[in-house]
Amino acid sequence: MIMFLVNRYHQVLFLFALCSLLGSCSLWQEGAADKQSPESQTSTHNKLEVEMFMGGFATVNSFIFSNGKSIVVMDVQRKTYEAEKLVEAIHARQLPVTHILITHGHTDHFTGMPLFRKTFPNAKIVVANEDIRQDIKAYAIYMDGFGATAAEPPLEPPLRVKSESNPDGFDYENYIGILPENRLTLDGGGTLELTTDYKEAEAPHMTTVYSPELNALFLSDFGYNKVHHWQGDDISWEDIANWREELLRIKNEYISRNPAVYPGHGDVTDMRMFDEMVRYIDNYTRIAKSATSRREAMAQMMALYPDYGEADFFLKYSIENHVKETGAPQN
Ligand SMILES: [Zn+2]
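Residues numbered from 1 in each chain as written. Predicted model: local features only at pLDDT ≥ 70, side-chain atom pairs only at ≥ 80, totals over all residues.

1. Focus: the overall build of the protein
Link 1 in the chain: Within the protein, the regular secondary structure consists of 11 helices and 13 strands.
Link 2 in the chain: For the protein, buried positions account for 43% of its 331 residues. (Helix = DSSP H or I, 4+ residues; strand = E, 2+ residues; numbered from the N terminus. Buried ≥ 20, exposed ≤ 12 C-beta atoms within 10 Å, placed from the backbone.)

2. So, the confidence of the model for the protein
Link 1 in the chain: With 83% of its residues at a pLDDT of 70 or more, the protein has an overall mean of 87.
Link 2 in the chain: Confidence over residues 1-45 falls short of pLDDT 50; this stretch has 70 contacts with residues more than four positions distant or in other chains. (pLDDT = per-residue confidence, 0-100. Contact = placed C-beta atoms within 7 Å.)

3. Let's talk about helix α8 (residues 237-254)
Link 1 in the chain: In a regular helix each residue adds 1.5 Å, so 18 residues correspond to 26 Å; α8 covers 26 Å between its end C-alpha atoms and thus fits that length.
Link 2 in the chain: Looking at the packing, one finds that the buried side of α8 touches β12 (216-225) and α9 (272-290). (Expected span 1.5 Å × (residues − 1).)

4. Considering the sheet that holds β12
Link 1 in the chain: On the basis of which strands lie adjacent, the open sheet formed by five strands has the order β9-β10-β11-β12-β13 and mixed pairing. Unpaired on one side and paired on the other, β9 (183-185) and β13 (260-266) mark the two borders of the sheet. Along the sheet, successive strands turn relative to each other by an average axial angle of 30 degrees, direction set aside. (Pairing = 2+ DSSP bridges. Axes fitted to C-alpha atoms, helices over the stretch in contact; angles between N-to-C directions.)

5. Quick notes on the pairing of β12
Link 1 in the chain: Counting buried positions along β12 yields 10 of 10 residues, so the element is predominantly enclosed.
Link 2 in the chain: Two elements, strand β11 (residues 208-211) and β12, share three bridges in a ladder whose sense is antiparallel. For valine 209, the partnering residue across the bridge sits in β12 and is phenylalanine 218.
Link 3 in the chain: Remark: four residues form the turn of the hairpin made by β11 and β12, two consecutive strands paired antiparallel; asparagine 215 in that turn has positive phi of roughly 40 degrees.
Link 4 in the chain: Pairing of β12 with β13, which is carried by six bridges, proceeds in the parallel orientation. Within β13, the position partnered with alanine 216 by the bridge is alanine 260.
Link 5 in the chain: With respect to chirality, the unit in which β12 leads through α8 into the neighbouring parallel β13 is right-handed. (Right-handed = clockwise from strand over helix to strand, strands pointing away.)

6. A word on the packing of α8 against α9
Link 1 in the chain: For the pair α8 and α9, interaxial distance at closest approach is 10 Å and the crossing angle is 160 degrees. Here α9 runs roughly antiparallel to α8, going by the angle between their axes. Handedness of the α8/α9 crossing: left-handed. Every residue of α9 that contacts α8 at Ile240, Trp243, Arg244, Leu247, Leu248, Ile250 and Lys251 is listed here: Phe274, Met277, Val278, Ile281 and Thr285. (Parallel < 35°, antiparallel > 145°, perpendicular 65-115°, else oblique. Left-handed = near helix turned anticlockwise from the far one by under 90°.)

7. Thoughts on the packing of helix α10 (residues 294-304) against helix α11 (residues 311-322)
Link 1 in the chain: At a minimum axis separation of 10 Å, α10 and α11 run at an interaxial angle of 135 degrees. One way to sum up the angle between α10 and α11 is to call them oblique. Of the two possible hands of crossing, α10 and α11 adopt the one that is right-handed. Two secondary-structure elements touch here, α10 through Arg294, Ala297, Met298, Met301 and Met302 and α11 through Ala311, Leu315, Ile319 and Glu320.

8. As for the pairing of β11
Link 1 in the chain: Residue alternation in β11 divides its side chains into two sets, Thr208 and Tyr210 and Val209 and Ser211, and both sets are buried.
Link 2 in the chain: Taken together, the three bridges between strand β10 (residues 191-195) and β11 define a ladder with antiparallel strand orientation. The residue bridging threonine 195 from the neighbouring strand is threonine 208, located in β11.

9. Side note on unusual backbone geometry
Link 1 in the chain: Backbone geometry places glutamine 94, a non-glycine residue, at a positive phi of 50 degrees.
Link 2 in the chain: Mapped onto the elements, glutamine 94 comes out in the loop between α3 (80-91) and β6 (97-101).
Link 3 in the chain: Taking the C-beta count within 10 Å as the criterion, glutamine 94 has 7 such neighbours and is therefore assigned exposed.
Link 4 in the chain: Positive phi outside glycine occurs at asparagine 215, with the angle close to 40 degrees.

10. Focus on the environment of valine 60
Link 1 in the chain: Here valine 60 lies in the loop between β3 (49-54) and β4 (61-66).
Link 2 in the chain: Taking the C-alpha atoms as reference, valine 60 lies 9.1 Å from valine 76; in sequence the two are 16 residues apart.
Link 3 in the chain: If near-sequence neighbours (up to four positions away) are discounted, valine 60 is found in contact with Gly55, Gln77, Arg78, Asp108, His109, Gly264 and His265.

11. So, the environment of valine 97
Link 1 in the chain: Residue position: valine 97 is located in strand β6.
Link 2 in the chain: For the pair formed by valine 97 and lysine 124, sequence separation is 27 residues and the distance between their alpha carbons is 8.5 Å.
Link 3 in the chain: Leaving out residues up to four positions away in the same chain, valine 97 has contacts with Ile71, Val73, Ile90, Phe120 and Ala123.

12. As for helix α6 (residues 130-144)
Because the α-helix completes a turn every 3.6 residues, residues three or four places apart line up on one side.
Link 1 in the chain: With 15 residues, α6 ought to run about 21 Å at 1.5 Å a step, and its terminal C-alpha atoms sit 21 Å apart, in line with that.
Link 2 in the chain: Inspection of α6 places Ile132, Arg133, Asp135, Ile136, Tyr139 and Ala140 among the buried residues, and these make up the whole buried set. The buried residues of α6 occupy one face: seen down the axis, they fall within an arc of 160 degrees.
Link 3 in the chain: Buried residues along α6 sit against α4 (107-110), β7 (124-127), α7 (172-175) and β8 (176-178). (Arc of directions from axis to C-beta.)

Here's what the structure looks like:
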């Protein structure tokens, strides 16, 4: 993962700083809209900025949108210790947090919710629709069902569903609000346009965000940049085919605007990422369906993508999901 962090893509508008702590790394990036425009330099109210916080665990991204008056946070990390670092980055801005937007129901994007609820009691934790709220709750229950043999529980205990027997648990229906419309306007200016009409793919329901002020597209987990795609136990071949189809649809939709592209995992990039991901899906599908063993599939994918992150995590479990140890090709 360190190697992966060192070889990152650079963009003129983005400022890099590398922080390493106890073997895990996080990277902050910052971008400001219309830096050359005289209006935006004099008016803090219209200057929307985004800071990307890259978690060390699972290479998952969170985003801090701010405009000099308020902050909206998107996704809150897989581990509370990573969410704590995200909180520090937010505190450094000394602005009120109004909303914490969770894009979809996977633990690497929502584990920090109890910490954020406690740290920012005036901020609303929100999702784009009821389906996503239910996905989050269902995934928490699913993760909690993985036995207690591991040294570390798969679901952090504050996320266990609140009930009579667990009064300190998380009350998903009451702690997570639903946005009344598919846009989030920051207090002080700046708009995030939300899109959710996607087929079931990397998750049953997904939110992507476009910022016109930044001309930036935030793909959440439709986007993986030089990180192996998550195609583990909850991702079927049909989901993968849907994912491919939606990538091409999103590319078509935004190509004329040529936005900066922020994936859910991996570094900021540009519109070329869509074709790279489609190629990855095609290679993965071909290899997983023709391999006679998991080891063979893993070796072929590693040979094709030697510099991709999360091979021991995302790729390993994806192959376990799609390659059966039959000694014969899969199809
Ligand atoms: Zn993710």
